[in-house]
Amino acid sequence: SKASNGAEALEAARAKGPDLVVSDILMPVMDGFELCRQWKADPSLRVVPFVFYTATYTDAKDEEFALKLGADRFIVKPQEPDILLGMLEAAIGTYEARETSVPPPQQPPEAALFREYSQVLIHKLEQKMLQLEREVAARREVEAGLRASEERHRLLFETMLQGVVYQDQDGSITDANPAAERLLGLTVEQMRGCTPHDLRWATVHEDGSEVLPQTHPSAVALRTGRAVEDMVMGICDPRDNITRWVRVDTVPLFRPDEDAPHGVYAIFDDITEMRRSEDERELSASCIQLLSRLGERPDALREVLSLIRSFTGVDAIGVRLREGEAFPYRESIGFPSEFLARDGCLCSMAQGGIQRKDVGGAALPGCVCADVVGERTDATLPYFTDAGRLWTNSTSAL
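Since this is a predicted model, take the numbers as computed values, not measurements. (Residues numbered from 1 in each chain as written. Predicted model: local features only at pLDDT ≥ 70, side-chain atom pairs only at ≥ 80, totals over all residues. Heavy atoms only, no water.)

1. Observations concerning the overall build of the protein
Line of reasoning, step 1. Summing up its helical and strand segments, the protein has 12 helices and 14 strands in all.
Line of reasoning, step 2. Residues counted as buried form 34% of the 398 residues belonging to the protein.
Line of reasoning, step 3. Of the contacts formed within the protein by residues at least 6 apart in sequence, a portion of 45% connects residues at least 24 apart. (Helix = DSSP H or I, 4+ residues; strand = E, 2+ residues; numbered from the N terminus. Buried < 20%, exposed > 50% of the residue type's maximum accessible area, 1.4 Å probe, protein only. Contact = heavy atoms within 4.5 Å.)

2. Some remarks on the pairing of strand β8 (residues 242-253)
Line of reasoning, step 1. When strand β7 (residues 228-237) meets β8, the two strands line up antiparallel, connected through 8 bridges. Note that in β8 the partner of M231 across the bridge is V248.
Line of reasoning, step 2. As judged from the 8 bridges shared by β8 and strand β9 (residues 263-270), these two strands associate in the antiparallel manner. Along β9, the bridge assignment pairs L253 with G263. (Pairing = 2+ DSSP bridges.)

3. Focus on the packing of aromatic side chains
Within a pair of aromatic rings, the relevant descriptors are the distance that separates the centres and the angle that separates the planes.
Line of reasoning, step 1. Tallied over the full model, the rule gives 6 aromatic pairs.
Line of reasoning, step 2. Between the aromatic rings of F33 and F52, the centroid separation amounts to 5.8 Å while the plane-to-plane angle is 75 degrees, which identifies the pairing as edge-to-face. One end of the pair, F33, is in helix α2 (residues 32-41); the other, F52, is in strand β2 (residues 50-54), and 19 residues separate them in sequence.
Line of reasoning, step 3. Ring centres of F33 and F65 lie 5.0 Å apart, and the angle between their planes is 85 degrees; this geometry places the pair in the edge-to-face category. Taken together, the residues span a long stretch of sequence, with F33 in helix α2 and F65 in helix α3 (residues 60-68) at a distance of 32 residues. (Phe/Tyr/Trp six-rings, centres within 6.5 Å; stacked < 30°, edge-to-face > 60°.)

4. Comments concerning the sheet that holds strand β1 (residues 21-23)
Line of reasoning, step 1. Taken together, 3 strands build an open sheet; the order of strands is β1-β2-β3 and the sheet is parallel. For this open sheet the edge positions go to β1 and β3 (73-76), each flanked by a neighbour on one side alone. The sheet shows a mean angle of 20 degrees between the axes of neighbouring strands, taken without regard to direction.
Line of reasoning, step 2. Here α2 sits on the sheet in contact with β1 and β2, set at roughly 175 degrees to β2. (Axes fitted to C-alpha atoms, helices over the stretch in contact; angles between N-to-C directions.)

5. What to know about the sheet that holds β7
Line of reasoning, step 1. Across the sheet, 6 strands lie side by side as β5-β4-β9-β8-β7-β6; this open sheet has antiparallel pairing. The open sheet terminates on both sides in strands that have one partner only, identified here as β5 (173-176) and β6 (202-204). Going across the sheet, the axis of each strand differs from the next one's by a mean of 30 degrees, ignoring polarity.
Line of reasoning, step 2. Examined bridge by bridge, strand β4 (residues 163-168) and β5 share 3 bridges and lie antiparallel to one another. When the bridges of β5 are listed, V165 appears paired with A176.
Line of reasoning, step 3. Each of β7, β8 and β9 touches helix α9 (residues 272-291); the most contacted strand, β8, lies at about 125 degrees to it.

6. Some thoughts on unusual backbone geometry
Line of reasoning, step 1. A cis amide bond links K77 to the next residue, P78, at an omega of -10 degrees.
Line of reasoning, step 2. A positive phi angle, near 65 degrees, is found at V29, a position not held by glycine.
Line of reasoning, step 3. One can find V29 in the loop between β1 and α2.
Line of reasoning, step 4. Here V29 falls in the exposed class, since its relative accessible area comes to 72%.
Line of reasoning, step 5. The phi torsion at D230 lies on the positive side, around 55 degrees, for a residue other than glycine.
Line of reasoning, step 6. Looking at the element boundaries, D230 is found in strand β7.

7. Some words on the side chain of S172
Line of reasoning, step 1. Position of S172 relative to the elements: it lies in the loop between β4 and β5.
Line of reasoning, step 2. Ignoring sequence-local partners within four residues, the contact set of S172 consists of Y166, Q167, G193, C194 and T195.

Next comes the structure, spelled out in structure tokens:
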């Protein structure tokens, strides 16, 4: 039978005598030492082998005191089952070989016994306090390390150039770093609690097709439990109708012993300028290829302008080349014929020809094109060539 403390064990043993008792020392109500003392003082119980099996009182002084109280064995936990059974069988065998009438053990006087018992408890209390102090110090060290680690991760999270967005298992955004706020044009408060498709962004694949909710990289990572790497997406902000291209990596997050992710974080780089540079290089190569055949194909310059117009998305584009003091259009696409006839030379014309300023230079109209030709803009900007002038009809680009 089992007992939860020494008092219960003593009561049960007196009601039904056992063949062996195995007791711990650290117990409520009545500890093992007191149980052993009363056990060996009881004529009906002292013949029953008493074995201590403890993981708390393990010092040599503890064993010495236990044997003084009359314990037959003192075993320190843990033990292999077969070894423990052998020790218990030896304890039973020792008593079976004895006479049934076993005299009570010669215990020290009550005062000495109490003094030694107190010393054992105080020593154990000191050990326990030292152990607790070490555990508290270790826990504080671990907590300090965790705080330092969290601070480092938070600093990295807040200062890294890549955007980072955390989402829970439902796909709702729980946190975002400043880079994500900057790249996406929303504050973390505006994003929190929303999925990417709840927000105003329009996301597209490289071929221009829409990124559906179930094909979004975060949704894929949450559904499959696998990371999605190097997915390129276009994010269109309706405020300025500008598409920003990003390269996205999503990583699912797992708790120990769980197969389904409890969240996902997405890391994305803004590759808009890189893509534009690549497109510009392709455009430049195409333009050079066309211009190299200009002698064979008089319409090559027009094809160049058509390429540039398609790339920039502007409504009209033209090339002006210097002819004396005028700058007539050499080729253009998209301008009305009336505009070309009126603004063809970029100079203010009078009856006798080009109207001049007091200093002798040609008087130019006050338009953006005239500012470019008159070099009233920043000449370091890439809008100038030695042979003429090339620009688009886009004041925002200028």
